[in-house]
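Topology and contacts: notes
Each chain is listed here by its residues.
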Amino acid sequence: MLRGIDVSAYQPADYATDGHSFVFVKATEGRSYVNPRLAGQTKRGRDAGLVVGFYHFLWPGDLTAQAEHFVSQAPERSGDLLAVDWETTGEGTRASTAEKDRFLREVKELRPHHRVLLYCNRSFWLDVDTSSYAGDGLWIADYVTAGKPRVKAKWRFHQYTDEPLDTNVADFSAGDALRRWAGGG
């Protein structure tokens, strides 16, 4: 298992990279929000030699505008990963399964050479999702033992705690295996 983290505007641009193989950086949310620390957090991951992924916090509605907003703001480099963060919004709403699926497909159309992943928690995967569609891979949040999420689906990344920050493992034998997979979008 490889170790990594995910960061957003709540974390500094100089986050710790020791022992990590990857980082996911929040890029966008909805149709207008851009993480003000996106550039610095991206640079930190790249300078440390990490595989860098970017995620978009999905809101219901206007999926084309959200997909275009995301890919216009997420840096584009071969081997970067792209993910949709599908969960309940601050207003208590959520995108439907059909909207999540369409967003994943639209991002893949806009960036066909990149892996496009679904991030969601175990409850969303088991109780809200009706399609089991995760694009190129599932990134599951389930706060249990690292690498042992309580889902039967094949997963690529597992967020297993948020203390002291969102910490993840990836189901790859080595960093080169993750890089090869990420580059084969």
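Please refer to the structure higher up on the page.
Because the structure is a prediction, the values reported are computed rather than measured. (Residues numbered from 1 in each chain as written. Predicted model: local features only at pLDDT ≥ 70, side-chain atom pairs only at ≥ 80, totals over all residues. Heavy atoms only, no water.)

**So, the packing of helix 2 (residues 63–73) against helix 3 (residues 97–110)**
It is the contact of helix 2 with helix 3, at a shortest axis distance of 9 Å, that shows an interaxial angle of 45 degrees. Overall, the two elements helix 2 and helix 3 adopt an arrangement that is oblique. Like other packed secondary-structure pairs, helix 2 and helix 3 cross with a definite hand, here right-handed. On helix 3, the residues touching Leu 63, Thr 64, Gln 66, Ala 67, Glu 68, Phe 70 and Val 71 of helix 2 are Glu 99, Arg 102, Phe 103, Glu 106, Val 107 and Leu 110. By residue class, the composition of the contact of helix 2 with helix 3 is 7 nonpolar, 2 polar and 4 charged. (Axes fitted to C-alpha atoms, helices over the stretch in contact; angles between N-to-C directions. Helix = DSSP H or I, 4+ residues; strand = E, 2+ residues; numbered from the N terminus. Parallel < 35°, antiparallel > 145°, perpendicular 65-115°, else oblique. Left-handed = near helix turned anticlockwise from the far one by under 90°. Contact = heavy atoms within 4.5 Å. Nonpolar A, V, L, I, M, F, W, Y, C, P; charged D, E, K, R; others polar.)

**A look at the environment of Gly 147**
Topologically, Gly 147 is positioned in the loop between strand 7 (137–141) and strand 8 (157–161). Remark: the alpha-carbon pair of Gly 147 and Pro 75, spanning 72 residues in sequence, is separated by 28 Å. Look past the residues within four positions of Gly 147 in its chain and what remains in contact with it is Met 1, Trp 155, His 158 and Val 169.

**Observations regarding the pairing of strand 7**
Counting buried positions along strand 7 gives 5 out of 5 residues, so the element sits mostly inside the fold. Covered by surrounding structure in strand 7 are Gly 137, Trp 139 and Ala 141 together with Leu 138 and Ile 140, the residues of both alternating faces. Here strand 6 (residues 115–121) pairs with strand 7 via 5 bridges, running parallel. Each bridged residue has a counterpart across the sheet, and for Cys 120 the counterpart in strand 7 is Ile 140. Handedness of the β-α-β unit built from strand 6, helix 4 (residues 122–128) and strand 7 comes out right-handed. Bridge count for strand 7 against strand 8 is 3 bridges, and the pairing is parallel. Across the sheet, residue Trp 139 finds its bridge partner in strand 8, namely Phe 157. (Buried < 20%, exposed > 50% of the residue type's maximum accessible area, 1.4 Å probe, protein only. Pairing = 2+ DSSP bridges. Right-handed = clockwise from strand over helix to strand, strands pointing away.)

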